[in-house]
Amino acid sequence: MKRNTLFFILFIWTYSHAIYAIPTETKIPAQAAVASAHPLATQAGKQILLQGGNAFDAAIAVTAALAVVEPYSSGLGGGGFWLLHEQKKNKTIIIDGRETAPALAHRDLYLDQNGAYIAKSSVDGALAAGIPGTVAAMVHLSEKYGILSLKTVLQPAIKLAEQGFPVTQHYQKMAQFRLSVLQSFPASAEIFLHNNKVPKAEHLIIQKKLAQTLRLISEKGHAGFYEGQIAENLVSAIQAEKGIWQLDDLKHYRVKEREPVQFQYHDMQVFSAPPPSSGGIALATILQILQTYDFELLDETTQSHLMIEAMRRAYRDRAEYLGDSDFVKVPVTRLTHPWYAEGLAAGIHLEKALPSDNLHEIIPAVGKSVSTRTEGQDTTHFSILDTQGNMVSSTMSINYPFGSGLTAAGTGVLLNDEMDDFSALPGTANIYGLVGAEANAVAAGKRPLSSMSPTIVKTPQGIALLGTPGGSRIITMVLLGILEFEKNSDPSQWVKRARFHHQYLPDKVFFEKKAFSKDMITRLKKMGHQLQETDSDYGNMQAISWDYKQGVSAASDPRVEGQAIVFDIP
Ligand code: DON
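Only a predicted model underlies this, so the values are computations on that prediction, with no experimental measurement involved.

**With respect to the packing of aromatic side chains**
At step 1: Throughout the structure, instances matching the rule amount to 13 aromatic pairs.
At step 2: With 4.9 Å between their ring centres and 75° between their planes, Phe-225 and Tyr-226 make a pair best called edge-to-face.
At step 3: Classification of Phe-225 by relative accessible area gives buried; the value is 0%.
At step 4: Where Tyr-226 meets Tyr-253, the ring centres are 5.8 Å apart and the plane angle is 10°; that geometry is what we call stacked. With Tyr-226 in helix 11 (residues 223-226) and Tyr-253 in the loop between helix 13 (247-251) and strand 6 (256-258), the pair connects residues that are 27 residues apart, well separated along the chain. Tyr-253 carries the same exposure label as Tyr-226, and that label is buried.
At step 5: Here the aromatic cluster, defined as three or more aromatic residues joined through ring pairs, consists of Tyr-72, Phe-165, Tyr-171, Phe-192 and Phe-402.
At step 6: Sitting over the ring of Tyr-548, Lys-27 keeps its end group 4.8 Å from the ring centre.
At step 7: Taking NZ or CZ as reference, Arg-334 lies 5.1 Å from the ring centre of Tyr-321, over its face.

Put into structure tokens, the structure is as follows:
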């Protein structure tokens, strides 16, 4: 045989085997799975998959159902990120349906004449609300990725809004937390309270107006919400409360399709949210710092110490560099480069904590950070896998429990307070204690920096889908989830893992009771860490595992009330 022919045969053999070796293209799961923070939303997703919908159709159904049954977490008045994997194209992209600042917003929107922050102005009421993106994302998902009609996939949510859902303990906890702001807006009190008080367990929350709004969207798509009667009602409700929305803000709202942040950690290919979320970049920094060590060989205390030091550095960079990359230059390539992580790792001492003050100073200087929130169980995540291997990992929010507290009369739509995710006064902290600089200052049309981190991890052995609410702690929870996945393909282990968190400022390690043993606490303190046990457990992770050998499994965080199911599609 001629040499050229031999090379040709060798080339074809190698090429065909290389293609064959790409796992996600060739594998199909035997079962479908849905994990969400509410059983009724999980069932809505299942119903749509059983009706012949794909993961993207089911994602719309779950998004809409959560908007109805978890009014404290997400909704038509909010936004989020939908990370999609299209199996046939082997393509992973993210839909950015994050809220935008209205056109009349500006850097000093939340400051008085003396330049001081006006208390609660970015948290409660009309001025706190960004232009919502969730409806645009649902319509986009339907038009570009779904196979069923929008009418069909919105049906379960419309039914839930019309017939009502029973109040749970979690609902009561959230409503109690926001009772005074809900009481201050009659249109909200009428729907979400009962006789102006937190409703009793099992009381039915019926949302006729929201059902009408959903129906209008199912008929008219994007225009059903962003133009016409609903848009007019939204704007007049906001303006009546001294807000600054205009009809054009809604009319011009568009989702953006973006490339996810993508990086390698050991044999894992991690996909997560890019700016305007900080999630993907921070995860890349932390994991790639850990990758510079023989992490698995270290004892548990040293591992935790390293994770804390990596978190400290990632959150420091978050504060300085991150914001909406359509408005400011975010050095994504540099921050996600393994060499950059190696540089950061070089400054870590294996036995000593470095006080945050000793890290390179941020200009303008960032001030004190006092985190006023610890619960981290509002905002919501869901994960879906269909039997074609399509996947959705999505985190959605209205920010604070029950968002801004303001429901626009005539629409049933409860508005977000996502504007608080901006640095209202660069250098100061928001409700999660997160400090930020100019990169995340308020500007017209800009998207506030998020921590939401819907994530998909691919390995030669299988896939993980995961995410959670939890404000600033979202990123570190997803980090711990990914590290659990590396050890174990059972998602119930990822969601129940005890958690800890450091965010640069305040310079403290927050930890759940079971995260560290007594001995570890002693050693970590000796290294110089300031430890603070959290008042309660936090997070609400919803995860799916597709192990190519063992099959599909799903799990819902035992800390809250979600439901994860795996089922056959006949
Ligand atoms: O986008 C963000 O990062 C926040 N608005 C998420 C808020 C949240 O998770 C609330 N949970 N405790």
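**Concerning helix 6 (residues 150-163)**
At step 1: Here helix 6 contains 14 residues, and its C-alpha end-to-end distance of 20 Å stays within 8% of the 20 Å for a straight helix at 1.5 Å per residue.
At step 2: In helix 6, a bend of some 35° at Pro-156 exceeds every other bend along the element.
At step 3: For helix 6, the full list of buried residues reads Leu-150, Val-153, Leu-154, Pro-156, Ala-157, Ile-158, Leu-160 and Ala-161.
At step 4: Contacts from the buried residues of helix 6 go to helix 3 (39-50), helix 4 (55-69), helix 5 (134-144), strand 4 (165-166) and helix 10 (208-220).

**Regarding the site of the ligand**
At step 1: Taken together, 18 residues lie near the ligand, and Glu-418, Asp-421, Ser-450, Ser-451 and Gly-471 sit nearest.
At step 2: Between a nitrogen atom of the ligand and a side-chain N or O atom of Glu-418, the distance comes to 2.5 Å.
At step 3: Of the residues that constitute the shell around the ligand, the class distribution is four nonpolar, nine polar and five charged.
At step 4: Here the shell around the ligand spans two domains, and each of domain 1 (32-257 + 383-423) and domain 2 (258-373 + 452-567) adds at least three residues to it.

**Observations concerning the nonpolar core**
At step 1: Judged by nonpolar contacts, the single largest core of 89 residues is most densely connected at Leu-290, Met-307, Ile-482, Phe-500 and Phe-516.
At step 2: At nine residues, the largest contribution of residues to this core is made by helix 18 (residues 474-487).
At step 3: Looking at this core, you find at least three residues from each of domain 1 (32-257 + 383-423) and domain 2 (258-373 + 452-567).
At step 4: Residues Phe-56, Leu-84, Leu-250 and Leu-415 belong to the second largest nonpolar core, which totals 85 residues.

**Comments concerning the pattern of salt bridges**
At step 1: Summed over the entire model, instances satisfying the criterion amount to 26 salt bridges.
At step 2: A salt bridge links Arg-313 to Glu-309; its shortest N-O distance comes to 2.7 Å. One end of the pair, Arg-313, and the other, Glu-309, are both in helix 15 (residues 300-321), four residues apart, so they sit about a helical turn from each other.
At step 3: Between Asp-317 and Arg-316 there is a salt bridge whose closest N-O contact spans 2.9 Å. As far as burial versus exposure is concerned, Asp-317 and Arg-316 are alike and both buried.
At step 4: One salt-bridge network, held together by shared partners, links Asp-96, Lys-256, Arg-258, Asp-326 and Arg-447.

**Some details on a negative patch on the surface**
At step 1: A contiguous patch of negative charge, built from Asp-267, Asp-294, Glu-296 and Glu-486, is present on the exposed surface.
At step 2: Take Glu-296: it is sitting in the loop between helix 14 (279-290) and helix 15.

**Concerning the side chain of His-305**
At step 1: Here His-305 lies in helix 15.
At step 2: A polar side-chain atom of His-305 sits 2.7 Å from the main-chain carbonyl oxygen of His-349.
At step 3: Discounting residues that sit within four places of it in the chain, His-305 has contacts with His-349, Leu-350, Glu-351, Lys-352, Ala-353, Leu-524, Met-527 and His-529.

**Some points on the packing of helix 14 against helix 17 (residues 338-346)**
At step 1: At a closest axis distance of 8 Å, the pairing of helix 14 and helix 17 adopts a crossing angle of 65°. Classed by the angle they form, the pair helix 14 and helix 17 counts as roughly perpendicular. Between helix 14 and helix 17 the crossing geometry is right-handed. Contact residues: Thr-285, Gln-288 and Ile-289 in helix 14; Pro-338, Ala-341, Leu-344 and Ala-345 in helix 17.
At step 2: Of the residues assigned to the contact of helix 14 with helix 17, the class counts are five nonpolar, two polar and no charged.

What counts and what doesn't
- Residues numbered from 1 in each chain as written.
- Predicted model: local features only at pLDDT ≥ 70, side-chain atom pairs only at ≥ 80, totals over all residues.
- Heavy atoms only, no water.
- Phe/Tyr/Trp six-rings, centres within 6.5 Å; stacked < 30°, edge-to-face > 60°.
- Buried < 20%, exposed > 50% of the residue type's maximum accessible area, 1.4 Å probe, protein only.
- Helix = DSSP H or I, 4+ residues; strand = E, 2+ residues; numbered from the N terminus.
- Lys NZ or Arg CZ within 6 Å of the ring centre and 35° of its normal.
- Expected span 1.5 Å × (residues − 1).
- Bend = angle between axes of the 7 residues up to and from the residue.
- Contact = heavy atoms within 4.5 Å.
- Near = heavy atom within 4 Å.
- Polar contact = N/O pair within 3.5 Å; in protein donor to acceptor, adjacent residues only side chain to side chain.
- Nonpolar A, V, L, I, M, F, W, Y, C, P; charged D, E, K, R; others polar.
- Domains from an automatic or database assignment.
- Core = buried A, V, L, I, M, F, W, Y, C linked by side-chain atoms within 4.5 Å.
- Salt bridge = Lys/Arg side-chain N within 4 Å of Asp/Glu carboxyl O.
- Patch = residues over 30% accessible without salt bridge, like charges linked within 9 Å, V, L, I, M, F, W, Y side chains within 5 Å.
- Areas by Shrake-Rupley, 256 points an atom, 1.4 Å probe, with all protein chains shown as cover.
- Lys, Arg positive; Asp, Glu negative; His and termini not counted.
- Charge placed at Lys NZ, Arg CZ, Asp CG, Glu CD.
- Axes fitted to C-alpha atoms, helices over the stretch in contact; angles between N-to-C directions.
- Parallel < 35°, antiparallel > 145°, perpendicular 65-115°, else oblique.
- Left-handed = near helix turned anticlockwise from the far one by under 90°.

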